[in-house]
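Observations on the three-dimensional arrangement
Given next are the chains, with one letter for each unit.
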Amino acid sequence: MFQDSDPSSFDKHSETPLDLNDLSDLRNPERSSPEMAQRVLHEAYLGWARIGTKGENELVRGRDNFTFDDKQVFSSMEAQLRLEIANSLHAGGLDPRDPNIHIRFLHPLVAVSPERRERHYYVELLKDCRDSVLAFRQTAQVFQCGPVGLHAYSPDESKPDQLVKCELVSRPAFCEGLRAMYDDLEARRTGRFCSSWVWRWALEEAFKEVKDILSTQADSAPTQPGAGSLQPIVCQKLRYFRTAEDTAQIQAKIANIDCSVLLGHDSRRQQPNIFTSISSPDCR
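Residues numbered from 1 in each chain as written. Predicted model: local features only at pLDDT ≥ 70, side-chain atom pairs only at ≥ 80, totals over all residues. Heavy atoms only, no water.

Examining the nonpolar core
Grouped together as the largest cluster of nonpolar side chains are 51 residues, with contacts concentrated most on Leu89, Val123, Leu125, Leu134, Trp201 and Leu263. Here the element with the most residues in this core is helix α4 (residues 197–220); it accounts for 11 residues. Discounting residues that sit within four places of it in the chain, Val123 has contacts with Leu81, Ile85, Ile103, Arg104, Phe105, Gly149 and Leu150. Residues Leu41, Leu106, Leu109 and Leu168 belong to the second largest nonpolar core, which totals 10 residues. (Core = buried A, V, L, I, M, F, W, Y, C linked by side-chain atoms within 4.5 Å. Buried < 20%, exposed > 50% of the residue type's maximum accessible area, 1.4 Å probe, protein only. Helix = DSSP H or I, 4+ residues; strand = E, 2+ residues; numbered from the N terminus. Contact = heavy atoms within 4.5 Å.)

What follows is the structure, encoded as structure tokens:
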């Protein structure tokens, strides 16, 4: 399905092969690199792992320091993530069997607190050894201008199969996504969640809030003979405003409800900031 990348094929400055736990390409955080955005992503990953779900954690690194249970959980995580990534690549129009797509499971960490052990993985997906791919949640997109990654962790020792997955997106990749959205709207193409992360970020929360409103309205409305489930929600009258290189505002009418979504990039968290507001005659 995927080929784990040969580390030596990614080191462009040395004939010494990189260790599998190093960041790939120009991206070893222990030595200087022009790919600074990748190092920032790695620092954000470490920050998330240190904080954890219950406060400050102590990070355990190196497989020699992992317990048998740690290694079993990491093995299960990798199998789950491979399957989800393959499904998401397919949904996004990419071939998971493409030999030029490489998946790497990097920087395994065990975050230890008095309450639990959280296992963390930094997942990197590369295409043609140079472009970054973000593929999960049935969405897959290739980024050429900056790195992206996936932070996956298992927060509950009693339920190791229940993973939390968070996208890590550098500012260059986020700006590239905004430009792609603008190009879609200029060309009057319809945005699709499965092939555009910015479309998903921009509209997913708005759709959710609109569904909640419509469900509430349906629950309070008198029952009518033959009434069925809610009709599919349609997005209309999309408008896009680039307020800065890494900030944009999307306005749309969804099921007769006016929605406004402000998109920005959080440089500390290396994730998108999404602020949604909705208004309709019934919501004012």
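Now, onward.
Concerning the pairing of strand β9 (residues 247–254)
In the case of a regular strand, side chains alternate between the two sheet surfaces. Inspection of the sheet shows strand β8 (residues 235–244) paired to β9 by 7 bridges, in the antiparallel sense. Each residue of the ladder has a partner; that of Cys235, found in β9, is Ile254. If you look at the hairpin formed by β8 and β9, you'll find 2 residues sitting between the two strands. Pairing analysis gives 7 bridges linking β9 to strand β10 (residues 257–266), with the strands arranged antiparallel. Bridge assignment links Gln251 to a residue of β10, and that residue is Ser260. Where β9 folds back on β10, the antiparallel hairpin that results is connected by 2 residues, among which Ala255 adopts a positive phi of roughly 50°. (Pairing = 2+ DSSP bridges.)

So, helix α3 (residues 171–186)
Along its 16 residues, α3 runs 23 Å from first to last C-alpha, staying within 8% of the 22 Å computed at 1.5 Å per residue. Within α3 the residues assigned to the buried category are Ala173, Phe174, Cys175, Glu176, Gly177, Leu178, Met181 and Asp184. Within two residues after α3, Arg188 carries a phi angle of roughly 60°, on the positive side. (Expected span 1.5 Å × (residues − 1).)

Here's the deal with the environment of Ser267
One can find Ser267 in the loop between β10 and β11 (271–279). Taking relative accessible area as the criterion, Ser267 reaches 56% and is therefore assigned exposed. Considering only alpha carbons, one finds Ser267 and Val40, 227 residues apart in sequence, at a separation of 8.7 Å.

All we've got here are geometric facts, nothing functional implied.
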